[in-house]
Structures are given as structure tokens and as C-alpha cells.
Amino acid sequence: MRIAEDINIQPEKLSSGFSAALRICKKINGSQDQRDVIDFSRARFVTPTFVMPLLVYIKKSAKGISIDHTDGYLNSICFDRLGVSSGVMRKSEFAAYLEQFSRKRYIPLISFPAASDRVEDKNNIMSVIESMIVKQAGLKSNIVSGIKYMLGEMVDNISEHSLSDYGYILAQCYPASKYIDICIGDTGRTLLGSYADILNCEIASDGEAMRAANSGISAKNLPDAENRGYGISTTKKMLVEGMGGQYMMVSGDTVYVNTMSGSGYFELPYKIRFEGTIVALRIPYWNENFRYINYIE
């Protein structure tokens, strides 16, 4: 089956890109073919929250899914090859590669090592990515501290909980509106899967796992685990309350959204599941009064 949707995402809401991705996932689920092709010839404007869910869905699909006509922006962010493999590069080599994007307003789709034996490699790669985001947007030090904390927490969660060998990151800066959208994803076990390690754990659905993770209940069976959670509580507070940003998490069949207007948990329609976890952050960088230290517990 060839799927060619009209894609012209209006980026005012962080979740808009995700809604467009769900339309494609619905068609894939409804297809009886063993192989589907996603045709992007009618895609005019896409966002990180469109690209990352599709990447995770394609990577974990039981059927063959290929992509076609990834011209323009999709080609520029390396979606045509499903991301840049930073884990095979030395730090200096990766820094030199990423330097070509210093005058752009985006970071390409990057695959980074997430296995427990490659923590140093992961940290080196994230340091280069963070520096490039700061450079592209011309961020002030108060915002830089917040971004480094939030990215560190979200990326560490992949290494500590997902059992995924690799994670993915993509970022887009919107200078006219003064915010950055960053999406981080993995194709490891879901949030629900990570709770399976806890003895006598009663969490039995994706929705329950999503609520637990966002309420500060960690999958780590440690004395202070309930307080630290996944670092999510501090990240949400810092992003939404401190910066006026938006937060979204997707895992299994559940999505959670948190904005200044409110928050909510939603079950995905059409039996759509994401075998992994996706976190999206919309980070405004105009607030000169934001202080990172006010939100560290």
C-alpha cells in the first residue's frame, strides 16, 4: 500500500505533528499488505513531533515499511536514512560533522548509543548536540542550564530504563516565536515494560505506567526511587511552570500532554501502539527571569 497524505503541520501546538503522524499510522494498521510505502511527495511542512513518532513506528513495525520522496527538509534532517549514526564517529569527527548545521535552525535526526557500556560515548555526543543547539539559537546562560538538565534526564532514562541500544534526538528552532522543539525517542521496552522488573508491581497497562512515571514512581527499585522517578516531575515543572513550555510523552498506547492550559492522559485510537518511548519538549527561550536552580529538588 502506498500512503500519500497531505502534510502541512501548523506548529502552534506541540502535539500537532503527532496528530498528523497518527493518521499515517492508522493507514498502516489498516493495510492488509505485507509492505507499505509512505510517500512524502505531498508533505509541505513537518515538525519533530511528526518525524520522531514515525521513526519509532517504522523501526518497530512487524511489516516492511519504506519511505519515498523525502526531498527538501526531510532529506536535510537525514530522515531518508533514518538518522545519522553518531555512535560510529569519534567525538571530534561528530563535532566536525555537526558544525555544518551551525547556521541552520535544526539539528538532524541523530542516533546515539544508549547501552550501559557506552555512557561516555553518549555523554560526549550529547555535549556536542547541546552546544550546537545553544549556538544556533543564541541562548542565554539561564536557559542553557535548564535545557542541559532536561536533556540529561530524558536521555539518561533511555539508558537506565529502556534497554535500548540506541536513542534518537531531533531539534528544530523557531526564532520568530523564540522556542525550540526537541524530540527524544527510543525503540526499547515501553514504560510498562520497565515496570515489569519491580517485584509485586501492580502496574498492568500502558496508561497506568504513564501515570506512574509522570507521578514520580520510578521503575528503579531503590530507596529513593519514588522521589526521583524518571526525573520527569522536575523536568515538567521546570519546562511548563518555569518557562511556559509544553511537554508530551508517548509510550505503548498512551500519550500524556502537559501545558500551561492543563494536562491529560489519552489512549491512542485505532489500536495504535508505539513500542518504545517518545518525549517531546517545547522550550521557550525568551524568559530572562527563568532560574534553573529554583526547580531543582
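Details of the structure are given in the entry above.
Each chain carries its own residue numbering, running from 1 in the direction its sequence is written. Local features are withheld for residues below a pLDDT of 70 in this predicted model, meaning they are given only at 70 or higher, and side-chain atom pairs are given and counted only at 80 or more; totals for whole chains, interfaces and linings count all residues. Computation of side-chain values: all heavy atoms of the structure, hydrogens and water removed.

Caption draft 1: Quick look at the packing of aromatic side chains. Aromatic contacts are taken between Phe, Tyr and Trp rings whose centres are within 6.5 Å, Trp giving its six-membered ring; a plane angle under 30 degrees counts as stacked, one over 60 as edge-to-face, and the others as tilted. For the structure shown, the criterion picks out 12 aromatic pairs. With a centroid separation of 5.8 Å and an interplanar angle of 65 degrees, the aromatic rings of Phe-101 and Tyr-106 are classed as edge-to-face. The classification of residues rests on relative accessible area computed with a 1.4 Å probe and restricted to protein chains. Under 20% of the type maximum is buried, over 50% is exposed, and intermediate values are partly exposed. Taking relative accessible area as the criterion, Phe-101 reaches 5% and is therefore assigned buried. Take Tyr-106: its relative accessible area is 11%, and that puts it in the buried class. On the numbers, 5.8 Å between centres and 15 degrees between planes, the contact of Phe-290 with Tyr-295 is stacked. On the accessibility criterion, Phe-290 (2% relative accessible area) is buried.

Caption draft 2: Here's a closer look at helix α5 (residues 119-137). Where helices and strands are cited, they refer to DSSP runs of H or I of at least four residues and of E of at least two residues respectively, numbered from the N terminus. To estimate the expected span of a helix, count its residues, drop one, and scale the result by 1.5 Å. For α5, spanning 19 residues, the distance from its first C-alpha to its last is 27 Å, which sits close to the expected 27 Å at 1.5 Å a residue. Those residues of α5 that fall on the buried side of the exposure criterion are Lys-122, Ile-125, Met-126, Val-128, Ile-129, Glu-130, Met-132, Ile-133, Gln-136 and Ala-137. At the C-terminal side of α5, Gly-138 shows a positive phi close to 65 degrees.

Caption draft 3: Focus on the sheet that holds strand β11 (residues 254-259). Spatially, 8 strands are ordered β6-β7-β8-β9-β13-β10-β11-β12 in an open sheet, and the strand pairing comes out mixed. Each of the sheet's edge strands pairs with one partner strand only, and the pair in question is β6 (84-85) and β12 (262-267). By definition, two strands form a pair when at least two bridges between them are found by DSSP. Examined bridge by bridge, strand β7 (residues 106-113) and strand β8 (residues 166-174) share 6 bridges and lie antiparallel to one another. When the sheet's bridge partners are listed, Ile-107 is paired in β8 with Ala-171.

Caption draft 4: Layout of helix α10 (residues 232-243). Here α10 spans 15 Å end to end across 12 residues, near enough to the 16 Å set by a 1.5 Å rise per residue. Burial analysis of α10 places 9 of its 12 residues in the buried class, which makes it a mostly covered element. Where α10 is concerned, the buried positions are Ile-232, Thr-234, Thr-235, Lys-236, Met-238, Leu-239, Val-240, Gly-242 and Met-243. By definition in these notes, contact holds between two residues if any of their heavy atoms fall within 4.5 Å. Buried residues along α10 sit against α6 (141-162), α8 (206-213), β10 (246-252), β11 and β13 (274-284). At the exit of α10 stands Gly-244, carrying a positive phi of roughly 75 degrees.

Interpretation note: all reported values are geometric properties and have no functional meaning in isolation.
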